[in-house]
Amino acid sequence: MAELTGRTIQRLPKVVLNDHLIGGVRPSTLTALSREAERELPATEPDRLARWFRDTAPTASIEEYLARQEPVVDLTQTEEALSRVAREAVLDLAVDGVVYAEIRFAPEQHTRQDLDLAGATQAVLEGLRVGMAQARFRGGDITARVILTALRESAAAMEIADLALRQRDAGVVGFDVAGPEYGDRPSRHIAACERIRQENFHLTLHAGQDFGVASIAEAVHWCGAHRLGHGVRIAEDIVRDADGDKLGQLSAYIRDQRIPLELCPTMNVHMGVVDSLAEHPIDMLRRLRFRVTVNPGNRLLSDTSMTAEFEALCRTFGYTLDDLSWFTVNAMKSAFLPHDERLALINHVIKPGYARERVDQVRGALFRREDLW
């Protein structure tokens with residue numbers, strides 16, 4: 001089969017489960033918002049601003065990495081700004097071939113001016129609705145939903161959990177807790193997690209990125225997480241030796257219960273979880289058949305996209321079309337959508353999209369053979 005190129009990968013249907021709203025704002029939009037608000041940015045031209053964000057990698061800590069987002073947070077404190085960045089996020093994902101996306105949004109970061117938690121959430125939901133309509137008009141059909149995120153260092157988790165439940169029929173599909181894990185492990189917000197689960201709603205927790213397996217164990221066993229944001233350090237519970245890979249009790253449980261891992265490979269490298277993509281445990285976790293999914297996480301700070309993530313994995317690990325299809329179906333199976341909607345996207349969008357590309361690859365190989373004669 002032919003080598004997968006960026007153009008080929010971009011055409012493929014893709015699914016995103018971990019993408020932060022303020023981590024995907026266009027640099028051109030930031031410069032426009034800064035002019036309107038008369039605020040200064042580290043750079044005034046979009047290209048130079050993009051380089052300023054990109055130059056954050058690698059960093060010594062998650063705190064240092066996330067601190068670079070402060071200019072974005074500062075400029076997204078109005079209904080108009082939030083709706084705009086949400087709309088543009090949907091359009092950018094659609095152009096990248098994403099057919100389903102769950103966008104994370106922490107409403108408490110956007111209440112410095114006139115918006116409250118509910119108002120900020122409504123602005124984002126409206127932006128997503130407009131973005132999906134515009135994407136369809138341009139021929140890029142995409143379904144986008146919101147996961148409301150509480151910051152683990154704050155005390156608003158229960159209020160945000162209640163807000164997520166009130167908006168569950170308006171585009172919010174889940175609840176998340178994110179932020180630095182040291183000192184603020186998942187169990188601090190166990191009451192909010194229990195509220196979500198008691199109401200038969202969806203729960204994903206950031207765990208196992210800047211803290212190890214103890215954080216993952218708390219997220220799963222204490223808080224009842226249905227998915228793990230990152231979860232990359234579950235690899236620390238797997239021993240590799242001459243006899244093969246030996247799973248510990250926690251890693252075996254995560255795999256056997258099919259708890260999805262929302263891996264963000266480039267972001268993990270930039271946050272110092274691993275030194276390089278080649279050292280990332282994603283390939284081991286794929287071989288061991290964990291429920292692995294691939295995500296961009298923070299497109300702005302990590303200068304990435306789903307196409308870039310897949311392209312880098314293909315270049316590093318030699319992944320094929322079948323591997324990318326496996327990652328994508330894993331993600332769609334793990335989405336916080338009703339079963340019939342997930343199944344419809346898998347059977348009528350994702351599988352046909354990969355099948356068409358396989359046919360094109362076979363045709364291309366046959367034409368190349370004919371050229372030899």
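Residues numbered from 1 in each chain as written. Predicted model: local features only at pLDDT ≥ 70, side-chain atom pairs only at ≥ 80, totals over all residues. Heavy atoms only, no water.

Draft legend 1. Summary view of the overall build of the protein chain. Looking only at helices and strands, one finds 16 helices and 10 strands in the protein chain. Against the 2.2 N^0.38 benchmark of 21 Å for 373 residues, the protein chain shows a C-alpha radius of gyration of 20 Å, consistent with a compact globule. With respect to the principal axes defined by its C-alpha atoms, the protein chain has extents near 70 × 50 × 40 Å. The buried share of the protein chain, taken over its 373 residues, is 58%. Here the contacts in the protein chain between residues at least 6 apart in sequence split such that 75% fall between residues at least 24 apart. Of the roughly 16,100 Å² of accessible surface on the protein chain, 48% is carried by carbon and sulfur atoms. With 45 positive and 55 negative side-chain charges, the protein chain shows a spacing of 5 Å between the two charge centroids. (Helix = DSSP H or I, 4+ residues; strand = E, 2+ residues; numbered from the N terminus. Rg over C-alpha atoms; globule rule 2.2 N^0.38 Å. Buried < 20%, exposed > 50% of the residue type's maximum accessible area, 1.4 Å probe, protein only. Contact = heavy atoms within 4.5 Å. Areas by Shrake-Rupley, 256 points an atom, 1.4 Å probe, with all protein chains shown as cover. Lys, Arg positive; Asp, Glu negative; His and termini not counted. Charge placed at Lys NZ, Arg CZ, Asp CG, Glu CD.)

Draft legend 2. Inspection of the packing of helix H2 (residues 27-37) against helix H3 (residues 46-54) at higher detail. Here H2 crosses H3 at 110°, and the two axes come no closer than 8 Å. Taken together, the axes of H2 and H3 are roughly perpendicular relative to one another. H2 and H3 meet at a crossing whose hand is right-handed. Every residue of H3 that contacts H2 at Pro27, Ser28, Leu30 and Thr31 is listed here: Pro46, Leu49, Ala50 and Phe53. (Axes fitted to C-alpha atoms, helices over the stretch in contact; angles between N-to-C directions. Parallel < 35°, antiparallel > 145°, perpendicular 65-115°, else oblique. Left-handed = near helix turned anticlockwise from the far one by under 90°.)

Draft legend 3. Quick look at the packing of helix H8 (residues 157-166) against helix H9 (residues 190-198). Packing of H8 against H9 brings their axes to within 8 Å, and their N-to-C directions diverge by 15°. With respect to their mutual orientation, H8 and H9 come out roughly parallel. Every pair of crossing elements has a handedness; the one defined by H8 and H9 is right-handed. The segment H8 lies against H9, with Ala157, Met158, Ala161, Asp162 and Leu165 engaging Ala191, Ala192, Arg195 and Ile196.

Draft legend 4. Layout of the sheet that holds strand S1 (residues 14-20). An order of S1-S2-S3-S4-S5-S6-S9-S10 is seen for the 8 strands of this open sheet, with the pairing classed as parallel. Strands with a single pairing partner mark the edges of an open sheet, and in this sheet they are S1 and strand S10 (292-294). For this sheet, the mean inter-axis angle between neighbouring strands, taken without regard to orientation, is 25°. Where S1 and strand S2 (residues 98-105) come together, 5 bridges link them in parallel fashion. Of the residues in S2, the one forming a bridge with histidine 20 is arginine 104. Of the strands in this sheet, strand S3 (143-151) and strand S4 (172-178) touch H8, which is tilted by about 160° from S3. Sheet strands in contact with helix H15 (residues 321-334) are S1, S2, strand S6 (227-230) and S10, and its direction is about 100° off that of S10. (Pairing = 2+ DSSP bridges.)

Draft legend 5. Spatial organisation of the nonpolar core. Of all hydrophobic cores here, the largest spans 115 residues; its most connected members are Phe175, Ile254 and Leu324. Counting residues per element, this core draws most heavily on helix H6 (residues 79-95), which supplies 9 residues. Leave out the neighbours within four places in its chain, and isoleucine 254 touches Ile216, Val220, Leu228, Ile234, Ile259, Leu261 and Phe290. (Core = buried A, V, L, I, M, F, W, Y, C linked by side-chain atoms within 4.5 Å.)

Draft legend 6. Spatial organisation of the packing of aromatic side chains. In the structure shown here, the tally under the stated rule is 5 aromatic pairs. Where tryptophan 52 meets phenylalanine 53, the ring centres are 5.0 Å apart and the plane angle is 80°; that geometry is what we call edge-to-face. Assessed through its relative accessible area of 24%, tryptophan 52 is described here as partly exposed. An aromatic cluster is defined as three or more aromatic residues linked by ring pairs; in this entry it consists of Phe310, Phe317, Tyr319, Trp326 and Phe327. (Phe/Tyr/Trp six-rings, centres within 6.5 Å; stacked < 30°, edge-to-face > 60°.)

Draft legend 7. View of H9. Every buried residue belonging to H9 is among Ala192, Cys193 and Ile196, and all of these are buried. Buried residues of H9, viewed axially, fall in a sector of 100°; they line one side. In this structure, the buried side of H9 is in contact with H8, S4 and strand S5 (203-207). Where H9 terminates, the next one or two residues include asparagine 200, which has phi positive at roughly 60°. (Arc of directions from axis to C-beta.)

Draft legend 8. Region of the structure containing helix H11 (residues 249-256). Every buried residue belonging to H11 is among Leu250, Ser251, Ala252 and Ile254, and all of these are buried. Where H11 is buried, its residues touch helix H10 (213-222), S6, strand S7 (238-241), strand S8 (244-247) and strand S9 (261-263).

Draft legend 9. Representation of the pattern of salt bridges. The final tally for this structure, using the stated rule, is 25 salt bridges. Here glutamate 262 makes a salt bridge to arginine 104, at a shortest N to O gap of 2.5 Å. Taken as a pair, glutamate 262 in strand S9 and arginine 104 in strand S2 lie far apart in primary sequence, 158 residues in all. You'll find glutamate 262 and arginine 104 in the same group, each marked buried. The partner of aspartate 323 in a salt bridge is arginine 286, and the shortest N-O contact between them spans 3.6 Å. Of this pair, aspartate 323 sits in helix H15 while arginine 286 is found in helix H13 (residues 282-287), placing the two residues 37 residues apart along the sequence. Arginine 286 shares its class with aspartate 323; the two are buried. In the salt-bridge network here, residues are joined through shared partners; they are Arg26, Arg84, Arg87, Glu88 and Asp92. (Salt bridge = Lys/Arg side-chain N within 4 Å of Asp/Glu carboxyl O.)

Remember, this is a structural readout, not a statement about activity or role.
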